[in-house]
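# Breakdown of the fold
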Amino acid sequence: MDERKDGSARPSPLNFFPRQVVDASGNRWDWALLPIVFALLVLLAYGARQMATPYELGHEIPLSRDLSYLPYYLLRTTMRMFMALAASLVFSVVFAVLATRYRAMEKVLIPFLDILQSIPILGFLSITVTGFIALFPGSLLGVECAAIFAIFTSQAWNMAFSLYQSLKTVPAELQEAARVFQLSGWQRFWRLDLPYAMPALLWNMMMSMSGGWFFVVASEAISVSNQSIKLPGIGSYIAMAIEAKDLNAIGWAVGAMLIGVLLYDQLFFRPLLAWADKFRFEEIGGGQEQSSWLLTWLRRTEHLQRVPEVFSHALQRSNVWFKRQHDGTSIRSRNTPSSPLLTRAWDAVVAACVLIAVWQLVNFIHSAVGWTEVGHVFLLGFYTLVRVMVLIGLAALIWVPIGIGIGMNPRLSEKVQALAQFLAAFPANLLFPIFVVGIVHFQLNPNIWLSPLMIFGTQWYLLFNVIAGASTIPTELRYAARNLGLRGLLRWRRYLLPAVFPSFVTGAITASGGSWNASIVSEYVSWGNETLVATGIGSYIAEMTATGDFPRIALGIGVMCIYVMTLNQLLWRRLYKLSEDRMHF
Amino acid sequence: MTQAIVELKDVSKSFRSADGNPRLVLDDVDFTLRDREIVALLGQSGSGKSTLLRIMAGLIEADQGEVLYKGQPLYGPARGISMVFQSFALFPWLTVQQNIELGLEARGVSTEERERRAEQAIDLIGLSGFEGALPRELSGGMRQRVGIARALVVEPDVLLMDEAFSALDVLTGERLRDDILDLWEERTIPTRAILVVSHNIEEAVLMADRVLVFASDPGRVKYQMNINLPRPRDPNSPEIRGLMDEVYAVMTAGRVRSHKPHDAQGGVPGEGEVERLRLDERLPEADFSRMEGLLERLVDEPFNGRADLPYLGEETGLTDEELLPVADALALLDLAHLAGGDLSITALGQRYVAAEFAERQTMFGQQLLARVPLAAHIRHSLLQEPSGEVPLKPFLDLLSETLSAEEAQSVLDVVIEWGRHGEVYAYNYNTDMIQLPESEQAD
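Quick caveat, the model's predicted, so the values are computed rather than measured. (Residues numbered from 1 in each chain as written. Chains lettered and ligands numbered in written order. Predicted model: local features only at pLDDT ≥ 70, side-chain atom pairs only at ≥ 80, totals over all residues. Heavy atoms only, no water.)

Residue-level contacts link 39 residues of chain B with 37 residues of chain A. For the pair chain B and chain A, the summed buried surface comes to about 3,400 Å²; carbon and sulfur atoms form 56% of the total. Among the residues of chain B in contact with chain A, Y75, W93 and R136 of chain B are the three that bury the most area, contributing 24% of the side total. Salt-bridge contacts for E176 of chain A lead to R54 of chain B; the nearest nitrogen and oxygen are separated by 2.7 Å. At the boundary of chain B with chain A, the tally comes to 16 residue pairs in polar contact (both at pLDDT 80 or more). For the side of chain B that touches chain A, the elements supplying multiple residues, two or more each, are β6 (81-84), α2 (96-106) and α4 (140-153) of chain B. (Contact = heavy atoms within 4.5 Å. Buried area = accessible area lost by both parts, 1.4 Å probe. Salt bridge = Lys/Arg side-chain N within 4 Å of Asp/Glu carboxyl O. Polar contact = N/O pair within 3.5 Å; in protein donor to acceptor, adjacent residues only side chain to side chain. Helix = DSSP H or I, 4+ residues; strand = E, 2+ residues; numbered from the N terminus.)

Next comes the structure, spelled out in structure tokens:
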């Protein structure tokens, strides 16, 4: 089928149609993409309608372990995750803009986010579920919102933090240029701040999506008032399969999840990454150009590609509405310095609130739980700490040499790095039941043998970071090392280990944070009606959540927060600073 | 009689240093930019000329004094004042056309009008055909053309150029300068005044109607020179070379203590000895290998011990930004003599060049202790310690009281490098301690 751009007449049936119809028919790429677009729209509409079906608390939602239901469950779960992602994006934008524009807000918001990051997700869920259900009486939407909120809490924090960091590090010259050319706040955000932050934001969105899968079981199988609600989705499917000890079903569910990940990776993230290539700020060294078949097709279409242009036109018009009304010569531009009295007053208010909160907390713990319990929980936290550090050490011993070996081999490193990233994104807890079967069968000690589960999903962060670090060792340094004949222990001490130290620290920080989070689901694993428990703070929190003992949940979460934040301050931040000061090229 | 477009009256600006003490960057500066004039600001790094430019652009507020634009006080960036940046400051995700239209879009100009004016600017500056290119596809010179077009398309009254050509190679920079001067002379652009901040003395003398030399610590106008020659100017003509010599002489003269700027009619100022440094004064940022290299070049043909600074710069390929600190350093250590824009080797310098490496080190160390009080103080404090080492931090604190944090650090970097070379003390990076040099350490 040939298309002639000049539209000259040629003998064909199309000649007999009116001009508009012929011209408006679009090119072959339009036709190729249309089915995909329609399919997505239909699926979205169907899923949305299902989300709002009528429901009363106490009713049983019909679920099935039949394989044919898997695609439908996959649709529901994916929809939830994307809605949570959208909410996370909005939250991140609001948070980052407030924190960067208002110093007073920054003092409060950043520590607040630090604390929120350290709270495990289960903590949020138990508190907010009742509230959401009350918001939408008579419909399933309330429970859906609770599930979406749970997923949101696993996605939002690193996106918000990354956006905040990007906004703070916009290059000074670009900021000055924006001011000199009279860009208003709105215009500056859309033309400078957001594009600059886009690559890091997209990367964090991808990480957030994979983080969401980790807690998909916990977020869809909710318990409230001692009743357990299972929303239709992959998480509930897996929960039911665990209860029924159906290993096959779990396998199929994991397969469905992989297909889902592949689909949204190709249809959503890859095109976005390829589009965001133009936002790459050059100083951040050359990454590879991402390509996406979907984006290339979209760009070749005639009509479909105009759809996104609607947004850019709307953006341009909004830029005109929100322009600056006056320039630097008007009295309105005069900077009134913020009165130090007001700043001190605000600081005092914040300090007072913190003191009151701490006082309430101490009171609450004293009355509801007692100090011996607190001591006990700290001890449990210590056990988990030992586990995390030992495991990271073991993982480092294994994966650092392997990572260096792979990283120095350019052909191998690209493939293995992509594989390691995928493994890091894979929710390892879906494979835990297999381990449980093994431990039960061989009568092993859960305290020792459940521990590797914590690092199972997070060790890949170590690996792919070390590979990335090893692959960026300058070639001249490698030649110099070979030339000087560095061998054996000397080679490791003076050359290889210091070279990959910064990337190792980055990987270790992520692995450590992920392991703490994972401790809740890896120290307390069930299979059928058997439960394996390892002594530690993760199992404590999981047990208390199962019995609904609210004060103890709060205590467990609080203690875990303290451990994570102290570890961050004392160990990881120092190591990171050391690697920044001494060991970068 | 010509109208003043931008006026600065008694403008002072301080920055807070690390421990809260204010540090004067600009001290009671008076400056006027008039209609139909190009003014160049010259000065060493840290002399406050960039701060002055940013005060005029409305990016920084002056602590004291008045800033007037067309007779009205200036509180922030004004519509009629545009700026061209040293590292181009282009938005990497916008095409050339979108970058140029940025200022117009911000003002709410309609799409058709924007496109028309951008096309005009693109043709004017020589970017035709590159409208859809992204900045990463362009060379440095092309990018700066985009920056200039972006600044000119909003039809500013004042164009500020913040070292606009220093990131470009010599040839490209010259071409761009000539293009801008053409636009200015033929009145193709409605711009009424241009302010050029630069490190390059030749550039300033070729472009400007008025050249101001800034002193540092604190920043004030040290010297002002009017140039009445018609443009385009020939860099090899005797008048231009004479003017350049004058500027070099002023810039390499010792620290001038008087309050108001000298005028060109008063003869060449600043001849004579370099006065003794204070303990916490800025040191020229020159590494000793360059110093030795320049000294050896000075002794060789064709200079034979005495060189005209601009000629020396051309022969060695050093830019003014690189050459002046090295010449300063040599004069400081009494290895050469700076006067009237010429560098001439001293007797000590001759001995230095003739000596072997070990003897050179000893001489360098001796001169360092004799002429740089900070180095002498470090050594003196070191000798008093029974352990043979003294921490660096107290010296950093001392310097931070009068200099900013980065300046204090760079002074320490220079004095440590020179001290290591002269073997008067050693420095341990890991422990941040000054130690006795290897040769004197007790075994």
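What follows is about the pattern of salt bridges. A complete count under the given rule lists 36 salt bridges over all chains for this structure. Residues K70 of chain B and D157 of chain B are paired through a salt bridge, measuring 2.7 Å at the closest nitrogen-oxygen approach. A residue pair is termed long-range when its members are at least 10 positions apart, and K70 of chain B in the loop between β4 (64-69) and β5 (72-73) and D157 of chain B in the loop between α4 and β7 (158-162) qualify at 87 residues. For D157 of chain B, a relative accessible area of 15% gives the class buried. Counted as one network, the salt bridges with shared partners bring together R76, R80, E144 and E220 of chain A. (Buried < 20%, exposed > 50% of the residue type's maximum accessible area, 1.4 Å probe, protein only.)

Residues and elements named next belong to chain B. Strand order across the open sheet formed by three strands is β12-β14-β13, with antiparallel pairing between neighbours. Two strands lie at the open edges of the sheet, namely β12 (306-308) and β13 (336-339), each paired on one side alone. Averaged over all adjacent pairs, the angle separating strand axes in this sheet is 20 degrees, with direction ignored. As paired strands, β13 and strand β14 (residues 342-345) are joined by four bridges and run antiparallel to one another. (Pairing = 2+ DSSP bridges. Axes fitted to C-alpha atoms, helices over the stretch in contact; angles between N-to-C directions.)

Time to look at the confidence of the model for chain A. Residue and element names in this part refer to chain A. On average, chain A scores 81 in pLDDT, and the residues at 70 or more come to 91%. Looking at the elements of chain A, mean pLDDT is at its lowest for helix α1 (residues 19-23), recorded as 57, and at its highest for helix α7 (residues 172-180), recorded as 94. Counting interchain partners and residues more than four positions distant, the pLDDT-below-50 stretch residues 1-11 has eight contacts. (pLDDT = per-residue confidence, 0-100.)

Right, let's get into the sheet that holds strand β1 (residues 4-16) of chain B. Residues and elements named next belong to chain B. Judged by pairing direction, the sheet is antiparallel, and its four strands sit side by side in the order β2-β1-β4-β5 without closing on themselves. Because the sheet does not close on itself, it has two edges, and the strands there are β2 (22-34) and β5. Across five bridges, the pairing between β1 and β4 is antiparallel. Of the residues in β4, the one forming a bridge with V6 is Y69. The strands that helix α1 (residues 49-57) touches are β1, β2 and β4; relative to β1, the one it contacts most, it runs at about 120 degrees.

Take the pairing of strand β3 (residues 524-527) of chain A next. Residue and element names in this part refer to chain A. With burial as the criterion, only one face of β3 is covered, namely that bearing V525 and W527; the residues Y524 and S526 on the opposite face remain uncovered. Across four bridges, the pairing between β3 and strand β4 (residues 530-533) is antiparallel. Residue pairing in the sheet places S526 in a bridge with T531 of β4. Linkage of β3 to β4, two consecutive antiparallel strands, is achieved through a turn of two residues, within which G528 is found at a positive phi near 70 degrees.

This next bit is on empty space enclosed by the protein. Empty space among the atoms becomes visible once a probe the size of a water molecule is rolled across them. All names here are of chain B. In total, this model carries four cavities of 30 Å³ or more according to the counting rule given. Taken as a whole, the largest cavity spans an internal volume of roughly 50 Å³. Lining the largest cavity are G43, Q44, S45, H199, M251, D320, E321, L324 and P325. A total of four residues in the lining of the largest cavity trace back to one element, the largest contributor, which is helix α10 (residues 320-332). Considering only residue class, the lining of the largest cavity consists of three nonpolar, four polar and two charged. (1 Å grid on protein atoms, 1.4 Å probe; cavity = no way out; pocket = protein on both sides within 12 Å on 5 of 7 lines; lining within 4 Å. Points joined across faces, edges and corners; volume = space filled by probe spheres on them. Nonpolar A, V, L, I, M, F, W, Y, C, P; charged D, E, K, R; others polar.)

Residues and elements named next belong to chain A. A cluster of nonpolar side chains, namely L379, F382, Y383, V386, V390, L394, L397, I398 and I402, defines an oily patch on the protein surface of about 820 Å² accessible area. As for its position among the elements, I402 is in helix α15 (residues 371-407). Assessed through its relative accessible area of 37%, I402 is described here as partly exposed. (Patch = residues over 30% accessible without salt bridge, like charges linked within 9 Å, V, L, I, M, F, W, Y side chains within 5 Å. Areas by Shrake-Rupley, 256 points an atom, 1.4 Å probe, with all protein chains shown as cover.)

All right, on to the environment of V216 of chain A then. Residue and element names in this part refer to chain A. Its location among the elements puts V216 in helix α9 (residues 216-220). The class for V216 is buried, based on a relative accessible area of 1%. Along the primary structure V216 and A348 are separated by 132 residues, whereas in three dimensions their C-alpha atoms are 41 Å apart. Aside from chain neighbours lying at most four places away, what touches V216 is T77 and G235.

Our next topic: the packing of helix α3 (residues 70-101) of chain A against helix α4 (residues 103-118) of chain A. Residue and element names in this part refer to chain A. Packing of α3 against α4 brings their axes to within 6 Å, and their N-to-C directions diverge by 130 degrees. Between α3 and α4, the crossing angle belongs to the class labelled oblique. Mapping the contact onto sequence places F95, L98, A99 and R101 in α3 and R103, M105, E106, L109, I110 and L113 in α4. Its residues placed into classes, the contact of α3 with α4 shows seven nonpolar, no polar and three charged. (Parallel < 35°, antiparallel > 145°, perpendicular 65-115°, else oblique.)

On to the packing of aromatic side chains, then. The full count for this structure, using the stated rule, is 29 aromatic pairs over all chains. Each ring, one from F132 of chain A and one from F149 of chain A, has its centre 5.6 Å from the other, and the planes form 45 degrees; the classification is tilted. Of the two residues, F132 of chain A sits in helix α5 (residues 121-135) while F149 of chain A sits in helix α6 (residues 141-168), which places them 17 residues apart along the sequence. If you follow R36 of chain B out to its NZ or CZ, it ends over the ring of W184 of chain B, 4.0 Å from the centre. (Phe/Tyr/Trp six-rings, centres within 6.5 Å; stacked < 30°, edge-to-face > 60°. Lys NZ or Arg CZ within 6 Å of the ring centre and 35° of its normal.)

Turning our eyes to something else, we now look at the packing of helix α7 (residues 238-252) of chain B against helix α9 (residues 309-316) of chain B. Residues and elements named next belong to chain B. At their nearest, the axes of α7 and α9 sit 9 Å apart, and the two run at 95 degrees to each other. By the angle class used here, α7 and α9 are roughly perpendicular. Together, R241, M244, D245, Y248 and T252 of α7 and L309, P310 and E314 of α9 make up the contact between the two elements. Among the residues forming the contact of α7 with α9, the class breakdown is four nonpolar, one polar and three charged.

Bringing the domain arrangement of chain B into the picture now. Many descriptions give the size of an interface as the accessible area lost when the pieces come together. Residues and elements named next belong to chain B. Segmentation of chain B into domains returns domain 1 (4-252) and domain 2 (272-443). Here domain 1 and domain 2 have C-alpha centroids that lie 34 Å from each other. The interface is formed by 20 residues belonging to domain 1 together with 19 residues belonging to domain 2. Taking both partners together, domain 1 and domain 2 bury about 1,800 Å²; carbon and sulfur atoms supply 47% of that area. Joining domain 1 to domain 2, the criterion identifies one salt bridge. Here E314 and R241 are joined by a salt bridge, their closest N and O atoms 3.4 Å apart. Contributions of two or more residues to the side of domain 1 that touches domain 2 are made by α6 (201-207) and α7. Per-element accounting of the side of domain 1 that touches domain 2 gives the leading share, seven residues, to α7. Looking at the side of domain 1 that touches domain 2 residue by residue, the classes come out as five nonpolar, nine polar and six charged. (Domains from an automatic or database assignment.)

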